[in-house]
Amino acid sequence: MWGGVKTAYLKLDIMWISIKGLEGKYEANENGQIRTLNYKNSKGRIKVFKPAKDHKGYLRTALVINGKAKTIKVHRVIAETFVPNPLNKPQVNHINGVKDDNRAENLEWVTNRENIVHAYENNLINLKSGESHHRSKYSNELIEKAYTEYLSGTPKRELARKYGFSRSVFRRVGILK
C-alpha cells in the first residue's frame, strides 16, 4: 500500500505524509516518526509520538481508530506509508537489523522466508544449543566425554548407565545418526 495524501506541512525540511486511512488525524515522515494532528482532541495541536519498545524490541504506539485505541508497530506504518510493495509481501524487515531504526530507507517488504534468512545471515537470531539451551539436561563436557569413550569402543548401553542417560541421547545430540 503506497502512502497517503501528501500534505504541505514542512518542519525542518521534513515532509509529513498522511497515514492511509487516517488522513487528517495522523501523519508520518521518512525518519520513522508519527504525529497526531489533533492532540487531546484540539484541532491544530500537533504532537510527535514518543513510541515505546515492545517485548521484542520493536517500537509501538497507540492510535485512536474508530474511537478505540489500537497499538500499532511504527515500522509497519512507516513501510505502508513510504515503501512500495508491488509484490504484496506480508512482512517488513529492518535492513540493518536494528529494530528501532524505522527510517523508510531502512525498511523493506519481505516474505517470512526472506525475513528468517536475513536474520540468520546477519546473526540476528541467537540459536541456543547444547548446554546453553534452556531444556538441556547434560553439560557439553559430559556429552564430549561420553562421545570420546564411545569412539574408543565403549558400548552405548554401558555409557548410558555410567552417565545416567538413555541410549536415545546419543541420537539426539548427534553422536549417532
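As a starting point, this report considers the structure included with it.

Cut-offs applied
Residues numbered from 1 in each chain as written. Predicted model: local features only at pLDDT ≥ 70, side-chain atom pairs only at ≥ 80, totals over all residues. Heavy atoms only, no water. Phe/Tyr/Trp six-rings, centres within 6.5 Å; stacked < 30°, edge-to-face > 60°. Helix = DSSP H or I, 4+ residues; strand = E, 2+ residues; numbered from the N terminus. Buried < 20%, exposed > 50% of the residue type's maximum accessible area, 1.4 Å probe, protein only. Core = buried A, V, L, I, M, F, W, Y, C linked by side-chain atoms within 4.5 Å. Contact = heavy atoms within 4.5 Å. Axes fitted to C-alpha atoms, helices over the stretch in contact; angles between N-to-C directions. Parallel < 35°, antiparallel > 145°, perpendicular 65-115°, else oblique. Left-handed = near helix turned anticlockwise from the far one by under 90°. Nonpolar A, V, L, I, M, F, W, Y, C, P; charged D, E, K, R; others polar.

Within this structure, the stated rule accounts for three aromatic pairs. A ring pair is formed by tyrosine 138 and phenylalanine 165, whose centres lie 5.1 Å apart and whose planes are at 70°; its orientation type is edge-to-face. Of this pair, tyrosine 138 sits in the loop between α2 (112-121) and α3 (140-151) while phenylalanine 165 sits in the loop between α4 (156-163) and α5 (168-172), and the two are 27 residues apart along the sequence. Under the relative-accessibility criterion, tyrosine 138 is labelled partly exposed at 23%. Put simply, the rings of Tyr138, Tyr163 and Phe165 pair up and form one aromatic cluster.

Of all hydrophobic cores here, the largest spans 19 residues; its most connected members are Ile19, Ile34 and Ile78. Contributing elements (two or more residues each) for this core: β3 (26-29), β7 (59-65), α1 (74-82) and β10 (107-110). Those residues within four positions of isoleucine 78 in sequence are excluded, and the remaining contacts are Ala28, Asn29, Gly32, Gln33, Ile34, Val83, Asn102, Ala104 and Leu107.

So, about the packing of α3 against α4. Following both chains from N to C, one finds α3 and α4 inclined at 150°, their axes separated by 10 Å at the closest point. It follows that α3 is roughly antiparallel to α4 by the angle criterion. Handedness of the α3/α4 crossing: right-handed. Facing α3, whose interface residues are Leu142, Lys145, Ala146, Glu149 and Tyr150, α4 presents Lys156, Leu159, Lys162 and Tyr163. Its residues placed into classes, the contact of α3 with α4 shows five nonpolar, no polar and four charged.

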